[in-house]
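Below, each chain spelled out in residue letters.
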Amino acid sequence: MPGALDSRKNDVGVLVLGDYRQTLAVAHSLARADYRVLVGTDGQHFSHTRYSRYVNEHWHRPECGTAITTDSSREFVSSMLGFLERRPDIEWIFPVGDKDLRVLGPHVGELEERVGLVMADAEVIEACTVKASANEKAEACGIAVPQNEIVDSREELIRAANAIGYPCIVKPVSERYEIEGEKARILQSPRDLDIIFEKWPDNNAHLIVQRFAKGRRHNCQFLAHEGRMLAYFENIVLRTTRSNGTGYGTDCLSIPPSPNLREHCETLLMNLGYSGCGCVQFLVDEQSGIA
């Protein structure tokens, strides 16, 4: 196994998975530390790192699709292991996006036999990306969570939505899944339920019905080691890829750290014993300031 990430230089390659805007910051930091930076990209979407002087190479990775399955995850990891066999200089993998973490999660043990992984423990990632588990962790830490219920049939969905009240949110139980290509759906009335959920969505054994919470999304990003926060950065999402605010953030504004949100993050990190970088998202009512 490789040594600590900052103890080897020049001839050591780091494969960064995820071609995003934030990948530029990762590539910049690694290149300044004299590591050789390779970025995995599917070649089908806009590349943020294509012309970066801090990126030495691009690896054209397989596309896993929007809904990650056991087969697509296995196919991706098999392809990557084949690539690593041809490139013994690559000693570290640095996944950047949620999707990349979800793909690698089931194969951490296998990958650690070949490379070092710059990511939190697989068990911690599972706890954070399974929304029911994340809600339990938040409540255990004294963080308010909107009323919610897990359902596994259309009949239960109708009952839970009527009991919780409208508007309400319906979303998958895990970050691995989507509802017809969407991260979540907002139901304004029973009529929306009949239109959007005329039938139970494919690839979802369970769904979460949750009371609608209004407010801007605050991204609380951090670096931690064994539950202790080392760095913290916060921004608010001004616009997303979906007009109703349920999509991925496209425009963000950096703001001074919110004391209560930072405290929430510190409590969560300590509870999880978290090591690595990460992000916790809160919805904050701009008038009341309540998360």
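Residues numbered from 1 in each chain as written. Predicted model: local features only at pLDDT ≥ 70, side-chain atom pairs only at ≥ 80, totals over all residues. Heavy atoms only, no water.

Undergrad: Help me get a handle on the pattern of salt bridges, residues and values and all.
TA: Applying the stated criterion across every chain yields a total of 11 salt bridges. With a shortest N-O distance of 2.5 Å, D100 and R61 are connected by a salt bridge. Highlighted residues: D100 in helix α3 (residues 98-104) and R61 in the loop between β3 (57-60) and α2 (70-86), separated in sequence by 39 residues. In this structure, D100 and R61 share a single accessibility class: buried. A cluster of three or more residues bridged by salt bridges with shared partners is formed by R36, E57, R87 and D89. (Salt bridge = Lys/Arg side-chain N within 4 Å of Asp/Glu carboxyl O. Helix = DSSP H or I, 4+ residues; strand = E, 2+ residues; numbered from the N terminus. Buried < 20%, exposed > 50% of the residue type's maximum accessible area, 1.4 Å probe, protein only.)

Undergrad: Could you give an account of the sheet that holds strand β10 (residues 216-225), with specific residues and numbers?
TA: Strand order in the open sheet formed by 4 strands is β12-β11-β10-β13, with antiparallel pairing between adjacent strands. Of all the strands in the sheet, just β12 (249-255) and β13 (276-284) have a single pairing partner and so form its edges. The sheet shows a mean angle of 35° between the axes of neighbouring strands, direction not considered. As defined by bridge partners, β10 adjoins β13 across 9 bridges and the pair is classed as antiparallel. Across the sheet, residue C220 finds its bridge partner in β13, namely V280. On the sheet, helix α9 (residues 259-272) packs against β10, β11 (228-240) and β13 and is oriented at approximately 125° with respect to β11. (Pairing = 2+ DSSP bridges. Axes fitted to C-alpha atoms, helices over the stretch in contact; angles between N-to-C directions. Contact = heavy atoms within 4.5 Å.)

Undergrad: Provide a residue-level description of the packing of aromatic side chains, including the pertinent values.
TA: Counting across every chain of the model gives 3 aromatic pairs. Aromatic pair W59 and F76: ring centres 5.9 Å apart, planes at 50°, arrangement tilted. Linking W59 in strand β3 with F76 in helix α2, this pair joins segments that are 17 residues apart in sequence. For the pair W59 and F76, a shared accessibility class is recorded, and that class is buried. Ring plane angle 80° and centroid distance 5.5 Å describe the contact between F222 and Y274, whose orientation is recorded as edge-to-face. Here Y274 lies in the loop between α9 and β13 and F222 lies in strand β10, a separation of 52 residues in the sequence. (Phe/Tyr/Trp six-rings, centres within 6.5 Å; stacked < 30°, edge-to-face > 60°.)

Undergrad: Go over unusual backbone geometry with me, naming the residues and quoting the values.
TA: A cis amide bond links Y166 with the next residue in sequence, P167, at an omega value of -5°. Among the secondary structure elements, P167 is positioned in the loop between α7 (154-164) and β7 (168-172). A positive phi angle is found at N203, which is not glycine, with a value near 65°. Looking at where N203 falls in the secondary structure, it is placed in the loop between α8 (190-196) and β9 (207-211). We classify N203 as exposed; its relative accessible area is 58%. The phi dihedral of E226 is positive, around 50°, even though this residue is not glycine. Mapped onto the secondary structure, E226 falls in the loop between β10 and β11.

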